[in-house]
Amino acid sequence: MLKLNNIYASYGNIDVLKGISMEIARNEIVAIIGANGAGKSTMLNTISGILRAKQGSIEFLGKNIDNLPPHTIVEMGISQAPEGRRIFPQLTVMENLEMGAYSRNFKFQISNFKSELEKIFQYFPILKERLKQTGGTLSGGEQQMLAIARALMARPKLLLLDEPSLGLAPMMVEKIFEIIEKINKEGVTVMLVEQNANAALMLANKGYVLETGMFVMHDDAGALLKSPQLRAAYLGEG
Ligand code: ATP
């Protein structure tokens, strides 16, 4: 579904991604594990078209997307729930969800919007109770749910999740990960960027480990979880 070929990306003179290649097949959950500053968000922003790759190519469903603007990439079926629950804090939950459904060439269809909303409420019933509340007043877990829900409103084929567990209590992490699993079972492919290696690899089919802009390991998630190297570096063992 998605193929990154030898991607380089930088901010001015600072090189962040140094030749990364990876693949995601339809219906998979792929975890990208890495410490602070490894380049995980940069990788997602490069896929979404927010940041241009300096070198390399990105293919989505057989088409090159590395020169397309972000809104076209969203229309093609990739949407991102950004790190830090970057919802619109002054807008209500409903308005945040409307923003997720909006894209430049997408004729806003009330019937589609309503059915999409109903689907969202099945995953996140709490959001239905919070529709008129402003985003900024939601709890951390609820904001994370809203960020994922907003991304889902664009009806993605591939959902990019940037650290959905960040700052959440273990029970909330468990809940969010259960929802991600459900979303995936309904046919959405998921790229899950996480520092929480254990939770991410428990959920994913396969994983890639990013260190200072390069992949240093990739394997089936089960195999990575057993890897002494990974356990020492990311799970504090050994
Ligand atoms: P974290 O988990 O802490 O968010 P990350 O793996 O997502 O880390 P990135 O946010 O991709 O890492 O950052 C990778 C590197 O790029 C870091 O050294 C960071 O300081 C740098 N960087 C990120 N955004 C910018 C920017 N807009 N301008 C300059 N440097 C940046």
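Whatever comes next refers back to the structure up there.
Being a predicted model, the structure only gives us computed values, none of them experimental.

About the cut-offs
- Residues numbered from 1 in each chain as written.
- Predicted model: local features only at pLDDT ≥ 70, side-chain atom pairs only at ≥ 80, totals over all residues.
- Heavy atoms only, no water.
- 1 Å grid on protein atoms, 1.4 Å probe; cavity = no way out; pocket = protein on both sides within 12 Å on 5 of 7 lines; lining within 4 Å.
- Points joined across faces, edges and corners; volume = space filled by probe spheres on them.
- Nonpolar A, V, L, I, M, F, W, Y, C, P; charged D, E, K, R; others polar.
- Core = buried A, V, L, I, M, F, W, Y, C linked by side-chain atoms within 4.5 Å.
- Buried < 20%, exposed > 50% of the residue type's maximum accessible area, 1.4 Å probe, protein only.
- Helix = DSSP H or I, 4+ residues; strand = E, 2+ residues; numbered from the N terminus.
- Contact = heavy atoms within 4.5 Å.
- Salt bridge = Lys/Arg side-chain N within 4 Å of Asp/Glu carboxyl O.

Trainee: Quick one: what's the story with empty space enclosed by the protein, residue by residue and with numbers?
Mentor: For the structure on display, the rule yields two cavities of 30 Å³ or more. Of the volumes computed, that of the second largest cavity is approximately 30 Å³. Lining the second largest cavity, in full, are Thr-46, Ile-47, Gly-49, Arg-52, Ala-53, Ile-58, Ile-65, Asp-66 and Ile-73. Here the lining of the second largest cavity is composed, by residue class, of five nonpolar, two polar and two charged.

Trainee: Tell me about the nonpolar core, and name the residues and values.
Mentor: Counting 50 residues, the largest nonpolar core has Phe-124 and Ile-148 as the members making the most contacts within it. Considering every element that reaches this core, the biggest residue donor is helix H6 (residues 140-152), with seven residues. Look past the residues within four positions of Phe-124 in its chain and what remains in contact with it is Met-145, Ile-148, Ala-149, Leu-152 and Ile-179. Among the nonpolar cores identified, the runner-up in size contains 29 residues, and Ala-9, Ile-24, Ile-47 and Ile-73 belong to it.

Trainee: Before we move on, can you summarise the pattern of salt bridges with the specific residues and values?
Mentor: Tallied over the entire structure, the rule returns seven salt bridges. Notably, a salt bridge pairs Arg-130 with Glu-142, separated by 3.4 Å at the nearest N-O pair. With Arg-130 in the loop between helix H5 (125-129) and H6 and Glu-142 in helix H6, this pair connects stretches of sequence that are twelve residues apart. Assessed through its relative accessible area of 12%, Glu-142 is described here as buried.

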